[in-house]
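Each chain is listed here by its residues.
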Amino acid sequence: MPNYVRRYTPGGTFFFTVVTHLRRRLFDAERARSLLHEAVLAVKRDRPFELVATVLLPDHWHCVWTLPEGDFDYSKRLGIIKSRFSKQWLVVGGQAAPVSAARVKHRERGVWQKRFWEHKIRDERDFIRHVNYIHYNPVKHGLVRCPHDWPYSSFQRWVNEGYYAEDWLCDCGGKTPAIPEELRRGPPFVE
């Protein structure tokens, strides 16, 4: 197993990808979406962070967070969110996928993949690329034709704040948008 080292930067901004165990489509269910939302809000109350951008797809979640100055513990926050969601999901009758004996020994459930992927945002260009990737992701996965059609995203908030036009990368009305290759490819964005 590789020796992976996470980049902890106090007050940093990070892009995350968190995936369900075996890529199960848990978030097709409204109850699952609601439970994840509740878990995020609970953690934000106890351990504040700014949820800058987010998209929830059927089997994974992408988000960008900014941590408070002097705080670097995104791992603890994500761990609590995953644990809180898992417990509540199972309480309401959601199912966990079978897991190995090793995962059972470590009290892990078949709800989330064990790990998550994080990327430290380096600069403004890197930030914009990751936020754009988040908002284009439902189109990339063939779930909708236009970013504004996906309701489980921060896209509309970004439109309302003036960062995007409502028809950003949209093919409504017969338009043919020029999709940047980096959005098709996705992170990591390597120059």
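Our subject is the structure listed above.
A short tour of the structure in this document, coming up. Per chain, residues are indexed from 1 in the order of the written sequence. Local features are withheld for residues below a pLDDT of 70 in this predicted model, meaning they are given only at 70 or higher, and side-chain atom pairs are given and counted only at 80 or more; totals for whole chains, interfaces and linings count all residues. The side-chain quantities take in all heavy atoms of the structure and omit both hydrogens and water.

1. A few points about the overall build of the chain
A tally of helices and strands in the chain yields 6 helices and 4 strands. In the chain, the order of α-helices and β-strands from amino to carboxyl end is β-α-β-β-α-α-β-α-α-α. Two things to know: the radius of gyration comes from C-alpha atoms, and the globule rule equals 2.2 Å times the number of residues to the power 0.38. Computed over the C-alpha atoms, the radius of gyration of the chain is 17 Å, within 12% of the 16 Å expected from 2.2 N^0.38 for a compact globule of 191 residues. Overall size of the chain, expressed as C-alpha extent along the three principal axes, is 55 × 40 × 35 Å. A buried classification covers 46% of the 191 residues belonging to the chain. For the chain, the exposed area adds up to about 10,500 Å²; of that, 52% sits on carbon and sulfur atoms. Only DSSP runs of H or I covering at least 4 residues are called helices, and only runs of E covering at least 2 are called strands; the numbering of each starts at the N terminus. The buried label applies to any residue whose accessible area, calculated with a 1.4 Å probe on protein chains only, is under 20% of its type's maximum; exposed applies above 50%, and partly exposed to all values in between. The Shrake-Rupley method, run with a 1.4 Å probe, gives the accessible areas here. Residue values count only the displayed protein chains as cover.

2. Side note on helix α2 (residues 74-91)
What a helix is expected to span follows from its residue count: subtract one and scale by 1.5 Å. Its 18 residues give α2 an end-to-end C-alpha distance of 26 Å, which sits within 8% of 26 Å, the value for a rise of 1.5 Å per residue. In the core, the buried residues of α2 are packed alongside β1 (13-19), α1 (30-46), β3 (60-66) and β4 (117-120). Where α2 ends, the next residue or the one after it, Gly 93, has phi of about 100 degrees, a positive value. Only heavy atoms enter the contact rule, under which two residues are in contact if any of them lie within 4.5 Å.

3. Focus: the pattern of salt bridges
Between Lys or Arg on one side and Asp or Glu on the other, a salt bridge is scored when a side-chain nitrogen of the former is within 4 Å of a carboxyl oxygen of the latter. Inspection of every chain in the model, using the stated rule, returns 8 salt bridges. Notably, a salt bridge pairs Asp 59 with Arg 23, separated by 3.3 Å at the nearest N-O pair. Highlighted residues: Asp 59 in the loop between β2 (50-56) and β3 and Arg 23 in the loop between β1 and α1, separated in sequence by 36 residues. Of the charged contacts, one joins Asp 71 and Arg 77 as a salt bridge, the two residues approaching to 2.5 Å between their closest N and O atoms. Assessed through its relative accessible area of 22%, Asp 71 is described here as partly exposed. On the basis of relative accessibility, which here comes to 1%, the residue Arg 77 falls in the buried class.

4. Notes on the sheet that holds β1
Working definition: the strands of a sheet are paired by backbone hydrogen bonds and lie parallel or antiparallel to each other. We call two strands paired when DSSP finds no fewer than two bridges between them. Read from one edge to the other, the open sheet built from 4 strands follows the order β2-β3-β1-β4, with strand pairing classed as antiparallel. Each end of this open sheet is capped by a strand with a single partner; those strands are β2 and β4. Neighbour to neighbour, the strand axes of the sheet diverge by 15 degrees on average, direction disregarded. Across 4 bridges, β1 lies against β4 in antiparallel orientation. Among the inter-strand pairings, Thr 17 is bridged to a residue of β4, identified as Trp 117. Here an angle of 0 to 180 degrees is reported between the N-to-C directions of two axes, which are lines fitted to C-alpha atoms, with helices fitted over the stretch in contact. Contacting β2 and β3, α1 crosses the sheet at an angle of about 165 degrees to β2.

Read these as geometric descriptors, not functional statements.
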